[in-house]
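Observations on chain architecture
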Amino acid sequence: DNCKRLSGDPVFAMLRLTATTLGQAAKSRALTGYAVFVKENSAAVRAENPSIKGVGGFAPILAAQWKALSDEQQAQYKAKGQTMMYTPKQKKPSPYNEQQQAVMKLKPDSKAPKGARSAYNFFTSDAKNGTEKFNLKDVAARWRALSDEAKKPWQAKAAADKERYKKELAAYTPAEGTYSKAKIKELRAEFGIGEKKVQGSAGAYFAFRRQYATKQNKKPTEVQLQASKAWKDLGATEKAVYAGMAVAFQNKETTKPAKKSTAKKTTKKSAAKKTAAKKQEQSQ
């Protein structure tokens, strides 16, 4: 009944435009005359009435203009709607297979034991209590400035919490159909979920722009916006350059050599210094 009562309301009709009219168009593959009229005239109405905001504001104006049209004019929009096919956006295929998607849907048991807290976690909790303004950077700096001896009270709390977690985990049995967070993390790693994605040409371009931005001291959001607009204007040849950069970066990551030993190598300068020191000792 409410739908029948509101069906003649122009505001209600406008609000239903995207949900109902376009929904019907997805089935019939054609737009209605009123949908075509709104699509062509909404920008002009917005420009003429900048103070009006929202769909509900300019919908009555469009509805009044539509009603003021003659039958011939409305027929023209209807005929145009038959030629304007509405194509709904197709969902992108998932990069994961059925098994991976099943693992992604696994939910951890809400009654599972809470993980053990670190000494730094206890320290931040104590720092936060009784303070109106809490600055995490200041707390982190204070923690780094503490000596090993000063950190012992929070380290003791962390050790006790670790023992608590071990006991609770030993007595814990997951509910049917649920898994612990550790098990879900293990399964996600086993099925290759959350692995590092291969960087594309657009990713290489944005990374290049971000590096340039840090040198110029520009805001990341400003750079991202400018880069998005600039990327659309790039030609196929220019984009191919960044595609090559992305491939080169990926090859570098896959063929990354083993980490070199951290042992200090004796250089010629250090050897010369040692020889000079020995000579000085002998002369004394």
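Residues numbered from 1 in each chain as written. Predicted model: local features only at pLDDT ≥ 70, side-chain atom pairs only at ≥ 80, totals over all residues. Heavy atoms only, no water.

1. Section: the overall build of the protein chain
From N to C terminus, the protein chain includes 14 helices and zero strands. For the protein chain, the N- to C-terminal ordering of α and β elements is α-α-α-α-α-α-α-α-α-α-α-α-α-α. A burial count over the protein chain gives 20% of its 284 residues as buried. Partitioning the contacts of the protein chain with sequence separation of at least 6, the portion at a separation of at least 24 is 67%. Total accessible area on the protein chain stands at roughly 22,500 Å², and carbon and sulfur atoms take up 54% of it. (Helix = DSSP H or I, 4+ residues; strand = E, 2+ residues; numbered from the N terminus. Buried < 20%, exposed > 50% of the residue type's maximum accessible area, 1.4 Å probe, protein only. Contact = heavy atoms within 4.5 Å. Areas by Shrake-Rupley, 256 points an atom, 1.4 Å probe, with all protein chains shown as cover.)

2. Let's talk about the pattern of salt bridges
In total, this model carries five salt bridges according to the counting rule given. A salt bridge links Glu40 to Lys80; the shortest N-O distance between them is 3.1 Å. Taken together, the residues span a long stretch of sequence, with Glu40 in helix α3 (residues 33-48) and Lys80 in helix α5 (residues 71-83) at a distance of 40 residues. Owing to a relative accessible area of 36%, Lys80 belongs among the partly exposed residues under this scheme. Residues Lys152 and Glu149 are paired through a salt bridge, measuring 3.2 Å at the closest nitrogen-oxygen approach. Remark: Glu149 and Lys152 occur in helix α9 (residues 148-170); sequence separation between them is three residues, near one turn of the helix. When its relative accessible area of 55% is taken as the criterion, Glu149 is described as exposed. Ionic contacts of the salt-bridge type, sharing partners, join the residues Asp161, Arg164 and Glu168 into one network. (Salt bridge = Lys/Arg side-chain N within 4 Å of Asp/Glu carboxyl O.)

3. Points about the nonpolar core
Generally speaking, nonpolar side chains in soluble globular proteins are found buried as a group. The biggest cluster of nonpolar side chains holds 13 residues, and the ones touching the most others in it are Tyr34, Phe37, Leu62, Trp66, Leu69 and Tyr77. Sorting the residues of this core by element identifies α3 and α4 (55-68) as the ones contributing at least two each. Here this core gets six residues from one element, more than from any other, and that element is α3. Not counting residues up to four positions away in its chain, the partners in contact with Trp66 are Gly33, Tyr34, Phe37, Gln74 and Tyr77. (Core = buried A, V, L, I, M, F, W, Y, C linked by side-chain atoms within 4.5 Å.)

4. A word on the packing of aromatic side chains
Tallied over the entire structure, the rule returns nine aromatic pairs. Measuring from ring centre to ring centre gives 4.9 Å for Phe123 and Trp154, while their planes differ by 85 degrees; the resulting arrangement is edge-to-face. One end of the pair, Phe123, is in helix α7 (residues 119-128); the other, Trp154, is in helix α9, with 31 residues separating them in the sequence. Each member of the pair, Phe123 together with Trp154, is buried. Through a chain of ring-to-ring contacts, the aromatic side chains of Tyr34, Phe37, Trp66 and Tyr77 assemble into a single cluster. In this structure, Arg117 is placed above the aromatic ring of Phe122, and the distance from its NZ or CZ to the ring centre is 4.1 Å. (Phe/Tyr/Trp six-rings, centres within 6.5 Å; stacked < 30°, edge-to-face > 60°. Lys NZ or Arg CZ within 6 Å of the ring centre and 35° of its normal.)

5. Let's talk about α7
Within α7, burial applies to Ala119, Phe122, Phe123, Thr124 and Ala127. On its buried face, α7 sits against α8 (136-145) and α9.

6. Looking at the side chain of Gln74
When you line up the elements, Gln74 lands in helix α5. By relative accessible area, Gln74 is classed as buried at 14%. Every residue in contact with Gln74, bar those within four places of it in the chain, is listed here: Trp66, Lys67 and Leu69.

7. Topic: the environment of Phe123
Overall, Phe123 belongs to the buried group, its relative accessible area being 6%. When the C-alpha atoms of Phe123 and Trp154 are compared, they prove to be 6.2 Å apart, with 31 residues separating the residues in sequence. Apart from the residues lying within four places of it in its own chain, the contact partners of Phe123 are Val139, Arg142, Trp143, Leu146 and Trp154.

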